[in-house]
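Remarks on the overall topology
One letter stands for each residue in the lines below.
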Amino acid sequence: MKKISLLVASSLLVASAVFANDRALLDEAKAAGLAPLPKDQAGVEKLLKEMGVEASKFSKEKANLGKKLYFEPRLSKSGLISCNTCHNLGMGGADGIAAAVGHKWTTNPHHLNSPTVYNSVLNSTQFWDGRAGTLADQAKGPIEAEPEMATPAKLAVEKIASMPEYVKEFKKVYGSSGVTFDNIADAIATFERTLLTPSKFDKFLEGDTKALSKKEKEGLKTFIDKGCTACHTGVNLGGSMQAFQVAAQYKFANVGDFKGDANGLVKTPTLRNIAETAPYFHNGAIWSLQEAIKEMGSVQLGIEISDKEAASIETFLNALTGKKPNITYPQLPKATEKTPKPEL
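Rules and cut-offs
Residues numbered from 1 in each chain as written. Predicted model: local features only at pLDDT ≥ 70, side-chain atom pairs only at ≥ 80, totals over all residues. Heavy atoms only, no water. UniProt positions renumbered as here; feature names shortened; annotations may be inferred. Helix = DSSP H or I, 4+ residues; strand = E, 2+ residues; numbered from the N terminus. Buried < 20%, exposed > 50% of the residue type's maximum accessible area, 1.4 Å probe, protein only. Contact = heavy atoms within 4.5 Å. Core = buried A, V, L, I, M, F, W, Y, C linked by side-chain atoms within 4.5 Å. Domains from an automatic or database assignment. Buried area = accessible area lost by both parts, 1.4 Å probe. Polar contact = N/O pair within 3.5 Å; in protein donor to acceptor, adjacent residues only side chain to side chain. Phe/Tyr/Trp six-rings, centres within 6.5 Å; stacked < 30°, edge-to-face > 60°. Lys NZ or Arg CZ within 6 Å of the ring centre and 35° of its normal.

Labelled according to an unreviewed UniProt entry, the protein chain appears under the name Cytochrome C biogenesis protein CcsA, originating from Campylobacter ornithocola. What UniProt states about the protein chain under its Subcellular location (unreviewed entry) heading is, verbatim, "Periplasm".

This is the structure:
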């Protein structure tokens, strides 16, 4: 009986120590600025206000209209490219190629990689150079950009307004303003607000210390200890403008001509679903997540991250792969004789 009592006591001590370590890691993660995703649109609204990001009022009707427009290839001059082409919701919200390809098979002139659209509403800025502060502003850029969808705002409005079903939906959602370029972008952004992907890491941050495995917790600890949270922090583990090539030159800096914004700052990509969004970096020059981790250690932190440490961090990053919302491909309104023809 005495031996059994000692075993029980020993087990309790071990369990207590593990619990204490887990709580300490949770506190450390929170202290580093890591935070769980909001659970609903009210939570998104609150967080956006805290971040100082403007957004229009959310409604399910507006989000449903935005979903149609997100998948609408006729918003492109060719009639072939939609938002989903480069931000494929079945592929982690990205396109799986190094540099985006647009109108007439044009490769992005700066060799820029398409970032994921999942959770992008919670970035404090949009585009690699941060030139848009909101998703609505971001949505306008690719539609009009000649190497992307190549549709001037006037033509985009003409296309959508030529289809009675869209006109009716816009009137219902936006009233007398109806189909405008601003409203097209706003509807798309509203749909994108729904693309949140909660993961086991969010459960951990909410207090469930058993949500992560032992190895995932070890990877989180290494992630924090190495200083990764200096840039990859907040609810999106990224999404803000940060200095790039702080400690050393990026080894693929010559791929493309992108140098950041006027101050050399680059938007830090979110690490949510990062295991699904290779290739990595702004120019998509690295395909291995472990290689990307080691390169960031050199370029940003001025340290050497070992293979073992990189593997440990990768294990944690895999825990950031979240549950995707169930998206049904929408049936789009039929074109009419007034709908502008595709220009290939």
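Structure shown, so let's carry the discussion forward.
Quick notes on unusual backbone geometry
In the segment running from Ala-278 into Pro-279, the intervening peptide bond is cis, with an omega of 0°. Along the chain, Pro-279 falls in the loop between β2 (265-267) and α11 (289-301). For Asn-119, which is not glycine, the phi torsion reads 65° and is therefore positive. The topology assignment puts Asn-119 in the loop between α4 (83-86) and α5 (135-144). For Asn-119, a relative accessible area of 0% translates into the label buried.

Observations concerning the UniProt feature "binding site: heme c 2" (unreviewed entry) in the protein chain
UniProt records the feature "binding site: heme c 2" (unreviewed entry) for Cys-228, Cys-231, His-232 and Met-296 in the present numbering. Sequence-wise these annotated residues cover 69 residues; spatially they are packed, their C-alpha atoms never more than 11.2 Å apart. Following the sequence through the fold, Cys-228 ends up in the loop between α10 (214-225) and β1 (241-243). Looking at the secondary structure, you find Met-296 in helix α11. Residues in contact with Met-296, not counting those within four places in the same chain, are His-232, Phe-281 and Leu-301.

Quick word on the nonpolar core
Within the largest apolar cluster, 37 residues are counted, with the highest numbers of intra-cluster contacts made by Phe-201, Phe-204, Leu-220, Phe-223, Leu-237, Phe-316 and Leu-317. Going through the elements one at a time, α1 (2-31), α9 (200-205), α10, α11 and α12 (307-318) are the ones with two or more residues in this core. With sequence-adjacent residues up to four places away left out, Leu-237 is seen in contact with Leu-34, Phe-201, Phe-223, His-232, Pro-269, Thr-270, Leu-271, Arg-272, Phe-316 and Leu-320. Within the second largest apolar cluster, 28 residues are counted, among which are Leu-65, Ala-153, Ile-160 and Ala-185.

Examining the domain arrangement of the protein chain
How big an interface is tends to be stated in terms of the accessible area lost upon association of its parts. Each domain of the protein chain was delimited in the assignment, giving domain 1 (34-39 + 197-320) and domain 2 (42-193). Computed from C-alpha atoms alone, the centre-to-centre distance between domain 1 and domain 2 is 26 Å. Listed per partner, the contact involves 31 residues of domain 1 and 28 residues of domain 2. Between domain 1 and domain 2 lies a buried interface of about 2,200 Å² when both sides are counted; carbon and sulfur atoms form 61% of it. The tally of links between domain 1 and domain 2 comes to nine residue pairs in polar contact (both at pLDDT 80 or more). Element by element, the count of residues in the side of domain 1 that touches domain 2 is highest for β2, at three residues.

Some remarks on the packing of aromatic side chains
Under the defined criterion, the tally for this structure stands at eleven aromatic pairs. Between the aromatic rings of Phe-244 and Tyr-250, the centroid separation amounts to 5.8 Å while the plane-to-plane angle is 65°, which identifies the pairing as edge-to-face. Tyr-250 carries the same exposure label as Phe-244, and that label is buried. Measuring from centroid to centroid gives 6.4 Å for Phe-244 and Phe-281, while their planes differ by 55°, and the two rings are tilted. Remark: Phe-281 occurs in the loop between β2 and α11 and Phe-244 occurs in the loop between β1 and β2; sequence separation between them is 37 residues. An aromatic cluster is defined as three or more aromatic residues linked by ring pairs; in this entry it consists of Tyr-70, Phe-71, Phe-191 and Tyr-329. Above the ring of Trp-128, the side-chain terminus of Lys-267 is found at 5.9 Å from the ring centroid. Taking the ring centre of Tyr-118 as reference, the NZ or CZ of Lys-324 above it sits at 5.8 Å.

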